[in-house]
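In case you want the letters, here they are:
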Amino acid sequence: MSETFILFTVAGTTYAVRSREVAHVEMVEQVTPVPDAPPFVDGVVFSRGQVVPALNLRARFGFERAPYDVRTRLLVVQSEGRSVGLVVDAAREFIRLDGAQIQPPGTALTDLSGRYLEGVANLDDRLILVLSLSHVLNFVDPVVAD
Amino acid sequence: MTGDTSFFAGFMDDYFAECDEHLGAIRRHLLAIESAGEGGVDRAMLDDLFRSFHSIKGISGMVELRDAELLAHHLESFLRRLRDGEAQLTADGLDALIEGVDLLERTIAARREHVPSPPAGDVIDRLTGAALETPPAESATIGPADQPAPSWRITFAPSPQLVARGINVDTVRARLRAAGTILDATPRMLPDGIAFEFAFAGELDPETVEAWRSEGLTVERVDAPVVASTERSITADAGARAVQPSHVVRVDLTRLDDLMRIIGDLVIARARLEDSLRRIVKHVPAVEWRAVQENSLTIERQLRDLREGIMRVRLVPVSEIFRRMPFVVRDLTREQGKKVRLQLDGQHTEIDKFLIERMLDPVLHLVRNAVSHGFELPEERVQAGKPAEGTLRLTAAGVGESVVLEIIDDGRGIDAGQVAARARAAGLPVPAGPLDEATLLDLICTPGFSTRDVTDRASGRGVGMSVVKNTVQELNGTLRLETARGEGTRFVIELPLTLSIADALIATVGDRTFALPQPSVREVVEIDPAALRRVEHQEIAPFRGGVLPIVRLARVFGIPAAPRPRLHVFVIGAGQDAVGLAVDRIVGQREIVVRTMADPLVRVGGIVGATDLGDGRVVLILDPPALARRARAAEQQPAGAS
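Since the structure is predicted, the reported quantities are computational estimates derived from the model, not experimental observations.

Scanning chain B from terminus to terminus reveals 20 helices and 23 strands. Relative to its full complement of 642 residues, chain B shows a buried share of 45%. If you take every contact in chain B between residues at least 6 apart in sequence, the share linking residues at least 24 apart comes to 69%.

Scanning chain A from N- to C-terminus turns up three helices and eleven strands. Mapped in sequence order, the helices and strands of chain A form the string β-β-β-β-β-α-β-β-β-β-β-β-α-α. Within the span of chain A, comprising 146 residues, buried residues form 53% of the whole. Counting only contacts in chain A whose residues sit at least 6 apart along the sequence, the fraction spanning at least 24 positions is 55%. Accessible surface, chain A: about 7,100 Å² in total, of which carbon and sulfur atoms supply 51%.

Facing the 27 residues of chain A at the interface are 22 residues of chain B. Both sides together, the interface formed by chain A and chain B hides about 2,000 Å², and carbon and sulfur atoms give 67% of it. When the buried surface of chain A facing chain B is broken down by residue, Gln-30, Pro-35 and Phe-46 of chain A rank first, second and third, together holding 30% of it. On inspection of chain A and its partner chain B, the count reaches one salt bridge. With a closest N to O distance of 2.7 Å, Arg-82 of chain A and Asp-599 of chain B form a salt bridge.

So, about the confidence of the model for chain A. All names here are of chain A. Overall, the predicted model of chain A reaches an average pLDDT of 84, with 87% of residues at or above 70. No element of chain A has a lower mean pLDDT than helix 3 (residues 142–145), which averages 36, and none a higher one than helix 1 (residues 57–60), which averages 93. Across residues 141–146, where pLDDT falls below 50, the model places six contacts with residues more than four positions away in sequence or in other chains.

This brings us to helix 2 (residues 43–62) of chain B. With 20 residues, helix 2 of chain B should reach 28 Å at 1.5 Å per residue; the first-to-last C-alpha distance of 29 Å fits that figure. Restricting attention to buried positions, one finds in helix 2 of chain B the residues Arg-43, Met-45, Leu-46, Asp-47, Leu-49, Phe-50, Ser-52, Phe-53, Ile-56, Ile-59, Ser-60 and Gly-61 of chain B.

Residues and elements named next belong to chain B. Strand order in the open sheet made by the five strands is 6-8-9-11-10, with mixed pairing throughout. If you trace the sheet from one side to the other, it starts and ends with strand 6 (340–345) and strand 10 (478–484), each paired once. Strand after strand, the sheet turns through a mean of 10 degrees between neighbouring axes, direction not considered. Judged from the six bridges that link them, strand 6 and strand 8 (residues 390–399) form a sheet pairing that is parallel. Bridge pairing in strand 8 links Leu-342 to Leu-392.

Moving on: the sheet that holds strand 7 (residues 82–88) of chain A. Residue and element names in this part refer to chain A. Strand order in the open sheet formed by five strands is 3-6-7-5-4, with mixed pairing between adjacent strands. Two strands in the sheet have a free side with no partner beyond their single neighbour: strand 3 (22–27) and strand 4 (41–47). Adjacent strand axes in the sheet meet at a mean angle of 30 degrees, parallel and antiparallel pairs treated alike. Taken together, the seven bridges between strand 6 (residues 73–79) and strand 7 define a ladder with antiparallel strand orientation. Bridge assignment links Val-76 to a residue of strand 7, and that residue is Gly-85.

All names here are of chain A. The element strand 1 (residues 2–10) is largely enclosed, with a buried count of seven among its nine residues. Pairing between strand 1 and strand 2 (residues 13–18): six bridges, direction antiparallel. Bridge assignment links Thr-9 to a residue of strand 2, and that residue is Thr-14. Counting the residues in the hairpin turn of strand 1 and strand 2 gives two residues, including Ala-11, whose phi is positive at 50 degrees.

The final tally for this structure, using the stated rule, is five aromatic pairs over all chains. Both rings, one in Phe-61 of chain A and one in Tyr-116 of chain A, keep their centres 5.4 Å apart while their planes meet at 25 degrees; by these two values the pair is stacked. Highlighted residues: Phe-61 of chain A in the loop between helix 1 and strand 6 and Tyr-116 of chain A in the loop between strand 9 (102–103) and strand 10 (117–123), separated in sequence by 55 residues. Grouping residues by exposure puts Phe-61 of chain A and Tyr-116 of chain A together as buried. Their ring planes at 55 degrees and their centres at 5.4 Å tell us that Tyr-15 of chain B and Phe-16 of chain B sit as a pair that is tilted. Every member of this aromatic cluster is reached through a ring pair, and the members are Phe-8, Tyr-15, Phe-61 and Tyr-116 of chain A.

About the criteria used
Residues numbered from 1 in each chain as written. Chains lettered and ligands numbered in written order. Predicted model: local features only at pLDDT ≥ 70, side-chain atom pairs only at ≥ 80, totals over all residues. Heavy atoms only, no water. Helix = DSSP H or I, 4+ residues; strand = E, 2+ residues; numbered from the N terminus. Buried < 20%, exposed > 50% of the residue type's maximum accessible area, 1.4 Å probe, protein only. Contact = heavy atoms within 4.5 Å. Areas by Shrake-Rupley, 256 points an atom, 1.4 Å probe, with all protein chains shown as cover. Buried area = accessible area lost by both parts, 1.4 Å probe. Salt bridge = Lys/Arg side-chain N within 4 Å of Asp/Glu carboxyl O. pLDDT = per-residue confidence, 0-100. Expected span 1.5 Å × (residues − 1). Pairing = 2+ DSSP bridges. Axes fitted to C-alpha atoms, helices over the stretch in contact; angles between N-to-C directions. Phe/Tyr/Trp six-rings, centres within 6.5 Å; stacked < 30°, edge-to-face > 60°.

What follows is the structure, encoded as structure tokens:
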């Protein structure tokens, strides 16, 4: 069973998210900061009339924030009834992956963003990290919570 | 591809809406059956129930929700046996039926929330088992056995097809005469022709009813015995029913949301037009200006009317929440050996659909809590000199622009000492001295506080008092508690009628803009910062002969802001509770379109939602009462925390 994925980059690494989980991809403009929100939340934006949080994936994965530029994108994803915007460095590609191509993350990746992964795929010698949205969107970090 | 998914999503929305409708009708019938006792089941009701289950089975099959389809199938078969007189509805059967409906509802809800279906358990076995009981020989029909002759309302609408089969009003009349007594006959005009309605008394066995129905007759059992003099009210009633369905349109809430959004955009566009008009006023001759001004005001008025019209469309009766409660109370009282009578008042009070959806769980929780913790066991009640049966009242009433919901029990009341002890045991700070009701409420609404084991089924379903309070506050409402030992407890929830558009004051702090709901602001004053004094870690300003604690929004939210020669201050709350919320500048008053900010990532204290002032940028809407509470809490803590 194969599915389509949207590829995006954060701090030089390529990630994938199922395209059926992505409502739309937008340019990032006019983010309103929200006081007391978690540090990895840039703020809120209007997306098609709805107010959605803008979650900065660089900050979420422990990288330094980068200023928004022309390639910065907001991926509005839908998961568990929520709509959340992911701020990523760039999002341009659309691919099809077979279920069998996705391997479990493995121990080497358990640091850094490893715990936000559902799996890893190798496509034409490129390493693609498949994101687990529910882990990324959960406010309480499972590792910290324990 | 997205086209496909959104088509399917829309399809599922229709499915859920349709299920809601059928389940609502089913619950109403079950309630009627239950309150009338086992003898109160009539054929028409069973027919309706049968049809509802049949429809749910069909549409569940179409969306491939197999669990719901199977369950609906068993419920349908059970109903068929009842309807056909193959089985009689016993107390066990009724229980199985109610449990089956409950499971069906949860199965459909699980699909809606994309979680696995709940386990079916033995419900299906019980349904098939209960249905196998055969009725005693002499009473093949279901109904009060001692009633002399049951009454029926039989309607015949002649058609060329029926006439061709030799069925006309005379043959119908002859047939009725042969089977019983015709009490009354009335011709009635229908939109598409004429119909004859007969009030009829006599015993009809299911076969006869079925045979007549197949010949185009409508056969309805009438509960009260029909006498000739009631003929007028019957026709009026039947007429109303015949007309109703064609005048009701079911609308998807998201479509109304779209309309509301468009109106919101219009409101913003008009506000901008008003701004531009104000800028050009001095360049326009007075005579022409007046015409422009008049038109602008007319548009404003019409916009307001339009907005109110849409809001009215969104209103639904509060009975959408209330009608579920009898089942909850019934199950819980049975489980816990309590006796509770449920009284529902003001069910027709209307409230925004969105609020109804959000308030269902909190009201459910309060009702469960009342039954589990509020009411004593019957023997305890008798010992305390109270009737063995407790009364739980749910009331709803519209008060101006708000709706007040009350959940009132005449149980044991809340034991303040016990609450304090539990709170201390849970490590929560408890003020010394006697606890007033507001403090009591704060304590029981603190996450982590529970008056009984969390595994207690009734209160262990994930919705605690803290969620009740949060939901009410999120909806811009208030929650109040009144309780008296031995006499009972009353929870009062006050909610705005609708959330979508509100009047607001717009203020700036540094480079940020905020909106404040106008109703929460009592007064707006300007204060010279030099007049502020510092007492401990709290700034206070002289105000109306007293002092007003000042909270600087810039400090609360950590926004860099340059010192200002004057502070603009919103006075929030009255008397002892008054707090001044200081901002850099108040820039105006606007009608704003309120949008929720419900995602947990951005659900923070002091902010209730967001709006758009026309430039596409999100402006946060403050929650002044929460900010005032925060300020009071900060008073008790050393400086530097905020």
